[in-house]
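# Reading the structure
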Amino acid sequence: MTVERRAAPPDKVTYARRVIPPALEIRGLVKTFAAHRAVDGIDLTVHPGTFHGIVGPNGAGKSTTIGMAVGLVTPDSGQIRILGHDALRDRRQTRALTGVLPDGLDFPERLTGAELLRYSAGLRGLPRATATDRAAELIDVLGLTKGAGTPLADCSTGTRKKLGLAQALLHAPRLLVLDEPFEAVDPVSTATIRQVLRRFVAGGGTCVLSTHSMLLVEQMCDEVTVIHQGRVVAAGSVAEVAAGRSLEDRFVELVGAEASGSAGLAWLTGAR
Amino acid sequence: MSTELSAPGRLGGTLGAIAVPARMRATMLRRSLREHPGPTVAGLVGLLAAAWLIRYALRGDQHTLGLLAGAWVLGWIVLPLLLGGGRGRVRPAHLRLEPIGGIPAAVGPAVSLVALAALPVHAARYGAVAVLVTAGGAVLLWLLGLIGSAIALEVVGHAGGPAGALLTGVFTGTAMGVAGSLWAVFPWVSVLLVAAPEEVVRAMAYVPSAWPLSAVTGPTGQGARLTATLVGIVALCAAAYIMLVRRVIATGVPFRPRRTTALPLVRRGGDDLAARRGTTAASPAEDGQAQRGWRAWVPAATRAVVGRELRAWTRHPLRLQYLAFAVVYAALLAGLPLLSDVDLLLPWAGPLAVLGVAAMSAGLVGLDGTALWLPLTTPGGERAEVRGRALAWLVLVTPIGVLLAVAGVILAPDVDPLAALSTLPALLGAGASVPVWVSLLRVRPVADPRHPTAADNPTDIVSVLVATAAGLLATAPVLALVIWGPSEVAPLLPLVGLLGGAAAWWGGVWLADERLARRGTTVLAAAGQRSRPPETVLPLTWDLQWCRENTSTAWALGLLTVGWIPVIPQGLMPLAFGIDSGWIVAGHLSGSAHTAMGLAMVGLGVAMLLTGLVLWDRRPQPGGS
């Protein structure tokens, strides 16, 4: 499968490329689970100060790639650099620079939302007053007043996502890695989160997010990487990857699946 | 392809509509009883116990009978919490149009009714009216048990809320403690069965289970008063249950108060954000003098983990259950021998409790699911995680151990407490750190870390044994000096215990650090592995074919069964207690040969047990390749 790469990135990316090392740089990343090769030699470059979307069908290897990038999965081979630091060797430095929201992992479920933020701030050694101020602001902005006083075990999936995002932002990271951040989040909260993330990137931060929503990628991301069967099948700016069509149509074409659903199921429309 | 069903006649259709589901339900019940024989076995055991109670009622003591009937009703209320009733009984989803079934569910009430028939049987000696009155009282007690059991399941059973968890821990700890002290309990029970002591008789006046018999044996007028009180209690319980069910149906959630008051966020400059939102602020203890002391020498990340762990210990139902179990079990194991005037074990209540909590803590990482990702994405998070867990355990368990030990010393002033008190620091050091390592080494995740039930047990016997063995190893120098050392070294015992504890702490923390630093992602992956491989099915009878097909498992079972013989009767008994009966090999030797043979036997047994554990751990899983 050939990887499509196109020239002429937007100005912001070009500038970032010249000045600062990539926020996230992955080379030849491989991960095999038993007989299944989940990630098969992925190369990925995320430029600083950009929004980067990672898309792919279910089981494409997005979460495994993200997990390896942030140190939650050990790769079989490959290189990962975060803002110039070797992520596999200099973990302390790369962890300090990164904020993570994984998908589907548990929290300390007996803590309330506010306690989770305080715990997370404590883990990162934030001064107590700073942590308190930031947590209060994040709770205000993300509309987490109720979730802040509820044990995580009793919070809805959307609230857990927002709390997860709040803890990822708490230490003001330079790279934010979010796995399915908008899953199960209501539209109002989604708009708020998008606004927060835009401000984060506008302030020089970099955001990498995996999602199934092509609309979201089109609206938010500067660049996108399409992963299929553990390999990168397209990467570049959103406009380049879309190649003049909607990103969704292009995505379906890239992953080699026909948008089925137009044939069969005659009984569903009343025809007998 | 189309399938045309033949149209049955009206009668045939009606019969079929009844017969088919009936047959299906009968088949389901038959299979359920075959695959889950628990209710049948419990029913048979219950019937045997009920028969014994009726037999006792014929000639036994009235007050003891009342006590036994009360124990029966209480057991009926509490026992379902321990037998899979952990998620509550009534849920809106249950109000579907489905037939109400379940012969197994009727086993408990039916057997209990038979058991409580012991009361009218006992009253038969006072005439027909007495039988009728007592039978009415027995029915009221039966209703009390029935409603009480339902309330217990709803109120404290759902998702093992803290109260239910504590209750379960206390109950199982009591059961195990009594079972472990049968030698001390039996004589007292024998006395009780012959005739209740005076203090028991006085106390039974306030116990409802004694009232049906008191109603017919007491002075005139007392009968009506006691029966009316019993009816009132039953009516109150019934009203409470109806209100509870209405609440569950109306709100869609079982009775469980939500925690909404923990928003400890206070801005600098006195802008109390929490107060602005109408919620309570941080507890004053947060900024209190007590925390300032340890803040100075514990890193912030470790403090954060300590805080998280202490909250988990006080809120997680299974942690509370384990804690309550270990403490009650230890207290009873040390205290129940007092019934036989043996106070030797009392100072050991503290060390036993510490050892018990350590053993029960050997699977806590699995209990937390994949929450480990947070420290794994934080600079230095692994060290903080290990030390925070160990420190929190120490903060929680040290006061318990010390309190129990001191209470034991006060209650048994004639017993020398030096050995027990000296082992305490050794056990605390090992108990705080080694279980952290064990639970990182052998992660057994629970199915649902958010809402675990009593059925979710993340510990296995190997983890428990390793954690226990580490505690015993840490105390070995103290025990060795107590048994074989000269009396002059006695003042040094606390120091030796302290050193043993420090060494065990250091070793456990180092092992856990190594494990998490080098294999953190492996541990996380194991914690996310929610579906467990099927357990090895062990034959309950001698099966040569099975042994041939499962050689390593058979060897493991053999070694784990036989390995105790060289350790305890052939090793520790002659070495520590000087017991040298005929079949003990060391007993036929003397002097240093006696000691050497005893030690060799201990070594042999330990080697056998360790080999057994290794083989058991590596046994092939059914269906595995």
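For the structure, see preceding data.
This report concerns the structure included in the present document. The structure presented is a predicted model; accordingly, all values stated were derived computationally and were not measured.

### Notes on the overall build of chain A
From N to C terminus, chain A includes 11 helices and 11 strands. When each of the 272 residues of chain A is scored for burial, the buried share is 56%. Counting contacts in chain A only where the partners sit at least 6 residues apart, residues at least 24 apart contribute 68% of the total. In the form shown here, chain A has an accessible surface area of approximately 11500 Å², with 52% of it arising from carbon and sulfur atoms.

### A look at helix 14 (residues 300-315) of chain B
Along an α-helix, a turn takes 3.6 residues, which lines up residues three or four apart on a common side. Residue and element names in this part refer to chain B. Taking 1.5 Å per residue as the helical rise, helix 14 with its 16 residues ought to reach 22 Å, and the 23 Å between its terminal C-alpha atoms agrees with that figure. A large share of helix 14 lies buried, amounting to 12 of its 16 residues. Residues Ala-301, Thr-302, Ala-304, Val-305, Val-306, Gly-307, Arg-308, Glu-309, Arg-311, Ala-312, Trp-313 and Arg-315 constitute the buried set of helix 14.

### What about the nonpolar core?
Within the largest apolar cluster, 131 residues are counted, with the highest numbers of intra-cluster contacts made by Leu24(A) and Leu197(A). Examining the composition of this core, we find that nine residues originate from one element, helix 20 (residues 418-441) of chain B, more than from any other. Apart from residues lying up to four places away in sequence, Leu24(A) is in contact with Leu44(A), Thr45(A), Val46(A), Ala69(A), Ile80(A), Arg81(A), Ile82(A), Leu175(A) and Val208(A). Counting residues in hydrophobic clusters, the runner-up holds 28 residues, among them Ala69(B), Ala115(B), Leu116(B) and Leu226(B).

### Focus on the packing of aromatic side chains
Residues and elements named next belong to chain B. Within the structure shown, the criterion is met by four aromatic pairs over all chains. Considering the side-chain rings of Phe-325 and Tyr-329, the 5.5 Å spacing of their centres and the 25° angle between planes classify their relative orientation as stacked. One end of the pair, Phe-325, and the other, Tyr-329, are both in helix 15 (residues 317-335), four residues apart, so they sit about a helical turn from each other. Assessed through its relative accessible area of 15%, Phe-325 is described here as buried. The exposure class of Tyr-329 is partly exposed, given its relative accessible area of 26%. Ring geometry for Trp-506 and Trp-510: centres 6.5 Å apart, planes at 10°, overall stacked. Of this pair, Trp-506 and Trp-510 both sit in helix 22 (residues 493-527), separated by four residues, roughly a single helical turn. Overall, the relative accessible area of 59% leaves Trp-506 in the exposed class. Sitting over the ring of Trp-313, Arg-319 keeps its end group 5.2 Å from the ring centre.

### Details of the state of the cysteines
Residue and element names in this part refer to chain A. The final tally for this structure, using the stated rule, is zero disulfides over all chains. Among the cysteines around Cys-207, which has no disulfide bond, Cys-221 carries the closest sulfur, lying 7.5 Å off. The buried category is assigned to Cys-207, whose relative accessible area is 0%.

### Points about the interface of chain A and chain B
Each partner contributes to the interface: chain A provides 48 residues, whereas chain B provides 51 residues. Of the roughly 4300 Å² buried between chain A and chain B, counting both surfaces, carbon and sulfur atoms make up 56%. Here chain A and chain B share three salt bridges between them. For Arg311(B), the salt bridge goes to Glu115(A), with nearest N and O atoms at 3.3 Å. Here chain A and chain B share 17 residue pairs in polar contact (both at pLDDT 80 or more) between them. For the side of chain A that touches chain B, the secondary structure elements donating two or more residues are helix 3 (91-97), helix 4 (113-123), helix 5 (128-141), helix 6 (145-148) and helix 7 (157-169) of chain A. With nine residues, the single largest contributor to the side of chain A that touches chain B is helix 5 of chain A. Here the side of chain A that touches chain B is built from residues that sort into 23 nonpolar, 11 polar and 14 charged.

### Considerations on helix 20 of chain B
Over its 24 residues, helix 20 of chain B extends 35 Å from the first C-alpha to the last, a length consistent with the 34 Å expected when each residue adds 1.5 Å. At Gly431(B), helix 20 of chain B shows its largest bend, some 25°, and a proline, Pro435(B), comes one to four positions later.

### A few points about the pairing of strand 10 (residues 223-228) of chain A
Residues and elements named next belong to chain A. Burial analysis of strand 10 places six of its six residues in the buried class, which makes it a mostly covered element. By the alternation rule, side chains of strand 10 split into Glu-223, Thr-225 and Ile-227 and Val-224, Val-226 and His-228, which are all buried. For strand 4 (residues 51-55) and strand 10, the ladder comprises four bridges, and the chain directions are parallel. Across the sheet, the residue bridging to Gly-53 is Val-224, located in strand 10. When strand 10 meets strand 11 (residues 231-237), the two strands line up antiparallel, connected through six bridges. Paired with Val-224 across the bridge in strand 11 is Gly-236.

### Concerning the environment of Thr45(A)
Residues and elements named next belong to chain A. With respect to the secondary-structure elements, Thr-45 resides in strand 3 (residues 36-46). A sequence separation of 63 residues divides Thr-45 from Pro-108, and the C-alpha atoms of the two residues are 33 Å apart. With residues near it in sequence (within four places) discarded, Thr-45 still touches Pro-22, Leu-24, Glu-25, Arg-27, His-52 and Glu-223. Side-chain polar atoms of Thr-45 contact the side chain of Arg-27, separated by 2.8 Å.

### Brief notes about unusual backbone geometry
All names here are of chain A. Of note, Leu-83 is a non-glycine position whose phi angle comes to about 45°, a positive value. Structurally, Leu-83 can be placed in the loop between strand 5 (77-82) and strand 6 (85-86). A positive phi is found at Ala-184, a non-glycine position, where the angle reads about 65°. Among the secondary structure elements, Ala-184 is positioned in the loop between strand 8 (175-179) and helix 8 (187-202).

### Here we look at the packing of helix 14 of chain B against helix 19 (residues 381-411) of chain B
All names here are of chain B. One way to put it is that helix 14 packs onto helix 19 with a least axis distance of 7 Å and a crossing angle of 50°. The angle between the axes of helix 14 and helix 19 places the two elements in the oblique class. The handedness of the crossing between helix 14 and helix 19 is right-handed. Contacts between helix 14 and helix 19 pair Ala-301, Thr-302, Val-305, Val-306, Arg-308, Glu-309, Leu-310 and Trp-313 from the former with Ala-384, Glu-385, Arg-387, Gly-388, Arg-389, Leu-391, Ala-392, Trp-393, Val-395 and Leu-396 from the latter.

### Quick look at the sheet that holds strand 3 of chain A
Residue and element names in this part refer to chain A. Pairing in this open sheet of four strands is antiparallel, and the strands run 3-2-5-6 from one edge to the other. At either margin of the open sheet sits one strand with a lone partner, and together these are strand 3 and strand 6. Bridge count between strand 2 (residues 24-33) and strand 5: five bridges; the pairing is antiparallel. If you follow Leu-24 over to strand 5, its bridge partner there is Ile-82. Against the sheet, helix 2 (residues 62-69) contacts strand 2, strand 3 and strand 5, and its axis sits at roughly 120° relative to strand 2.

The rules behind these values
Numbers given for residues are sequential positions, taken from 1 along each chain in its written order. Chain labels run from A onward and ligand labels from 1 onward, assigned in the order the entries are written. It should be noted that, the model being predicted, local features are given only for residues of pLDDT at least 70 and side-chain atom pairs only at 80 or more, the latter also being counted only at that level, while totals for whole chains, interfaces and linings use all residues. As a rule here, side-chain values cover all heavy atoms of the structure and leave hydrogens and water aside. Only DSSP runs of H or I with at least four residues qualify as helices, and only runs of E with at least two residues qualify as strands; both kinds are numbered from the N terminus onward. Only protein chains enter the accessibility calculation, which uses a 1.4 Å probe. A residue is then buried if its area is under 20% of the maximum for its type, exposed if over 50%, and partly exposed in between. Contact criterion: two residues are considered in contact whenever any of their non-hydrogen atoms come within 4.5 Å of each other. Working definition of accessibility: Shrake-Rupley area with a 1.4 Å probe, residue cover restricted to the visible protein chains. By this rule, a helix spans an expected 1.5 Å times one less than how many residues it contains. Residues belong to a common nonpolar core when they are buried Ala, Val, Leu, Ile, Met, Phe, Trp, Tyr or Cys residues joined through side-chain atoms within 4.5 Å. For Phe, Tyr and Trp, where Trp contributes only its six-membered ring, two rings pair if their centres lie within 6.5 Å, and the inter-plane angle classes them as stacked under 30 degrees, edge-to-face over 60, or tilted in between. Both a distance and an angle decide whether a charge sits over a ring: NZ of Lys or CZ of Arg must be within 6 Å of the ring centre and within 35 degrees of the ring normal. Disulfides are defined in this document as cysteine sulfur pairs within 2.5 Å. The buried area of a pairing is the accessible area, by a 1.4 Å probe, that goes missing from both parts when the two are put together, added over both. Definition used for salt bridges: Asp or Glu carboxyl oxygen within 4 Å of a side-chain nitrogen of Lys or Arg. Under this definition, polar contacts are N or O atom pairs within 3.5 Å; protein pairs additionally need one hydrogen-donor-capable and one acceptor-capable atom, and for neighbouring residues in sequence, both atoms have to be side-chain atoms. Amino acid classes used here: Ala, Val, Leu, Ile, Met, Phe, Trp, Tyr, Cys and Pro are nonpolar; Asp, Glu, Lys and Arg are charged; the rest, including Gly, are polar. To get the bend at any residue, fit one axis to the seven residues that end at it and another to the seven that begin at it, then take the angle between the two axes. Strand pairing is assigned whenever DSSP identifies at least 2 bridges connecting the two strands. Only the stretch in contact is used when fitting a helix axis, every axis being a line fitted to C-alpha atoms; angles between N-to-C directions are given from 0 to 180 degrees. Here is the rule for angles: anything less than 35 degrees is roughly parallel, anything more than 145 is roughly antiparallel, 65 through 115 is roughly perpendicular, and the remaining ranges are oblique. For any pair of crossing helices, the crossing counts as left-handed if the nearer helix is rotated counterclockwise from the farther one by less than a right angle, and right-handed if it is rotated clockwise.

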